[in-house]
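# A closer look at the structure
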Amino acid sequence: MQCLDCRKDVGSQLTNEHLLACSGLTLQEYALRHHLPLDMILSTDQINQADDLSLYRKPGRSVNKLALDVLAGLEMARALKQHGEFTIVSLGIRRLEQLLWYLESLCSLGFQFRQEYTYEDSTHRVIAKNSLKIPSAWLASQIEQSSTGSFLQRLSILVAHIGEIHAGYLFIDFPESKDAIRISDHLERNFHIHLKHLDASKHENGILARCKTRTDSSCLLSLVKEYLENIPVAKDRFFGKYDQATVVKELVFDSAHFITDHPGKCANLHGGRYAMRVKVRDQIDPLTGFVVDYGHLKQTVSRKVIAKLDHQTLNYVTAGLSWRSSTELLTVYIWENLIEYLPGLTELQIFETDRSYCSYTGPKLHELQKRGQNVLLDYFSSDNLGKSGLRWLLHQDMRERLKVIG
Ligand SMILES: [Zn+2]
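Residues numbered from 1 in each chain as written. Predicted model: local features only at pLDDT ≥ 70, side-chain atom pairs only at ≥ 80, totals over all residues.

### Some thoughts on the nonpolar core
- Ranked by internal contacts, the top residues of the largest apolar core, which has 48 residues, are Leu 106 and Leu 228.
- With seven residues, helix 4 (residues 65-76) is the single largest residue contributor to this core.
- Two domains each provide a minimum of three residues to this core, namely domain 1 (47-134) and domain 2 (151-239). (Core = buried A, V, L, I, M, F, W, Y, C linked by C-beta atoms within 7 Å. Buried ≥ 20, exposed ≤ 12 C-beta atoms within 10 Å, placed from the backbone. Helix = DSSP H or I, 4+ residues; strand = E, 2+ residues; numbered from the N terminus. Domains from an automatic or database assignment.)

This is how it looks when you write it as structure tokens:
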């Protein structure tokens, strides 16, 4: 077999040892560089190998402070997973440098790096997994030791590991709500940075937190900037500039509605299928290759919109639609329901039939925060309704006249 990097004959199989000496690459990176399936470059004795506890050496007593902070940050991100006799931290191959940065401090605790290759029945191919691993028995006391440390260093690890930036807003999906509350309180009290808690965490007991404003986002990022800049890859995600793209998700819902005071047939209660296109425009995240994951987009729209509107009478869902649930007002209502979660929202289209649709681009999140709910939706819910100087005409002593008129 010939190594495509150095063109030397490497015998019957290409090994990590050869690649590290020749190009510094791991086998998975080599496979990606030369766009080859892993199955083709691995021999069977490299696949599905069990790891061996005896290859790990228990470290001495001295542990550096950074290691404990990294460990505590990863613990907060719930990134330490049990896997057999080992505790592991995994990241995808695009984030290998980040994993190695963790390793630089965590090796003092006994962590080692592994790139392991397994044949997965469900995917019918060999998958590589990049992890830092440590025998679980060694870890418990070290996590205890890490109860105090640098708040900012730990926060930076949390942000680097699970933070995401969308349209200038930093999101952290905290796996545990108590961590979200603790960190939010600390940031508010000590740094006047506000996190908004959103009910869209992908974790059962979690909270999706978003920096409330873009100013909060940039304040938080500058607070941990000196730490994040040390962490390769994280620096790219949070401070790099990349091309933008628009992703579009189409979802449908069935609803009934009627249009009050309308001269045509639409004054009657009738049902229909609405096809909705949600467009989100943002930078392409270099670490995911996505603007926003289509699955996340679908889940957010399903939860915040479809669940409220599907198989409902739109006029009875909210006061903003009670008078006229036109597609125009519907897009405004949906926009306001989504923008907190999808600040890159750039256009909504709602098709009432194949040939009739409404397209709407509403205010950006920072504009909405400044001006409040759209006036188009609040006529019937506004406190001003019923307060005009003309309402005396409807008072008790005028009832007779109203009867005559009516
Ligand atoms: Zn080579």
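### Some points on the sheet that holds strand 2 (residues 86-90)
- Pairing is antiparallel in the open sheet, where four strands are placed in the order 1-2-4-3. Edge strands, defined here as strands with exactly one partner in the open sheet, are strand 1 (81-83) and strand 3 (112-120). Across the sheet, the axes of successive neighbouring strands diverge by a mean angle of 50°, strand direction being ignored.
- Helix 5 (residues 96-106) contacts strand 2, strand 3 and strand 4 (125-135) of the sheet and is inclined by roughly 20° relative to strand 4. (Pairing = 2+ DSSP bridges. Axes fitted to C-alpha atoms, helices over the stretch in contact; angles between N-to-C directions. Contact = placed C-beta atoms within 7 Å.)

### Observations regarding unusual backbone geometry
- The backbone of Val 233 sits at a positive phi, close to 80°, despite the residue not being glycine.
- Positionally, Val 233 belongs in the loop between helix 10 (225-228) and helix 11 (234-239).

### Examining the sheet that holds strand 6 (residues 169-174)
- The antiparallel open sheet is built from four strands, whose spatial order is 5-6-8-7. Edge positions in the sheet fall to strand 5 (163-166) and strand 7 (195-198), since each has one partner strand and no second. For this sheet, the mean angle separating the axes of adjacent strands, direction not counted, is 30°.
- Examined bridge by bridge, strand 6 and strand 8 (residues 207-211) share four bridges and lie antiparallel to one another. From the neighbouring strand, Ile 172 faces strand 8, where its bridge partner is Ala 209.
- Across the sheet, helix 7 (residues 151-162) lies against strand 5 and strand 6, angled at about 95° from strand 6, the strand it touches most.
- Contacts from helix 9 (residues 214-223) reach strand 6 and strand 8, with the element oriented near 75° to strand 6.

### Observations concerning helix 12 (residues 294-309)
- Between the first and last C-alpha of helix 12 there are 21 Å, a value that for 16 residues agrees with the 22 Å anticipated at 1.5 Å per step.
- Along its length, helix 12 shows its largest kink, about 45°, at Ser 302.
- The set of residues buried in helix 12 consists of Leu 297, Thr 300, Val 301, Val 305 and Leu 309.
- On the buried face of helix 12, the contacting elements are strand 9 (244-257), strand 10 (270-283), strand 11 (312-313) and helix 14 (327-338).
- Where helix 12 terminates, the next one or two residues include His 311, which has phi positive at roughly 60°. (Expected span 1.5 Å × (residues − 1). Bend = angle between axes of the 7 residues up to and from the residue.)

### A look at the pairing of strand 10
- Of the pairings in the sheet, the one linking strand 9 to strand 10 comprises 14 bridges and is antiparallel in character. Pairing of Leu 251 across the sheet is with Met 276, part of strand 10.
- In the sheet, strand 10 pairs with strand 12 (residues 345-351) via six bridges, with the strands oriented antiparallel. Following the sheet pairing, Met 276 is matched in strand 12 by Ile 350.

### Examining the packing of helix 4 against helix 5
- Remark: helix 4 packs on helix 5, axes separated minimally by 8 Å, with the N-to-C direction vectors making an angle of 130°. With respect to their mutual orientation, helix 4 and helix 5 come out oblique. Residues Leu 66, Ala 67, Val 70 and Leu 71 of helix 4 form the contact with helix 5, whose own contacting residues are Tyr 102, Ser 105 and Leu 106. (Parallel < 35°, antiparallel > 145°, perpendicular 65-115°, else oblique.)

### A short note on the domain arrangement of the chain
- Annotation of the chain at the domain level lists domain 1 (47-134), domain 2 (151-239) and domain 3 (248-373).
- For domain 1 versus domain 2, the separation of C-alpha centres amounts to 23 Å.
- The interface of domain 1 with domain 2 comprises 13 residues on the first partner and 14 residues on the second.
- At the level of elements, helix 4 and helix 5 are the ones that each hand at least two residues to the side of domain 1 that touches domain 2.
- Among the elements that take part in the side of domain 1 that touches domain 2, helix 4 stands out by supplying six residues, more than any other.
- Here the side of domain 1 that touches domain 2 is built from residues that sort into seven nonpolar, two polar and four charged. (Nonpolar A, V, L, I, M, F, W, Y, C, P; charged D, E, K, R; others polar.)

### A word on the environment of Leu 330
- Of note, Leu 330 is situated in helix 14.
- C-beta crowding within 10 Å serves as the criterion here: with 26 such atoms nearby, Leu 330 is assigned to the buried category.
- C-alpha separation for the pair Leu 330 and Leu 187, spaced 143 residues apart in sequence, amounts to 37 Å.
- The residues contacting Leu 330, other than those within four sequence positions of it, are Leu 314, Leu 321, Ser 325 and Ile 350.

### As for the packing of helix 4 against helix 7
- At a closest axis distance of 8 Å, the pairing of helix 4 and helix 7 adopts a crossing angle of 50°. Relative to helix 7, helix 4 is oriented oblique. For the pair helix 4 and helix 7, the crossing hand works out as right-handed. Side by side, helix 4 and helix 7 meet where Asp 69, Val 70, Ala 72, Gly 73, Leu 74 and Met 76 of the first sit next to Gln 153, Arg 154, Ile 157, Leu 158 and His 161 of the second.
- Class assignment for the residues of the contact of helix 4 with helix 7 results in six nonpolar, three polar and two charged. (Left-handed = near helix turned anticlockwise from the far one by under 90°.)

### Remarks on helix 9
- If you check which residues of helix 9 are buried, you get Asp 216, Ser 217 and Leu 220. Seen along its axis, helix 9 keeps its buried residues to an arc of 100°; they face one direction.
- Buried residues in helix 9 make contact with strand 6, helix 8 (177-191) and strand 8. (Arc of directions from axis to C-beta.)

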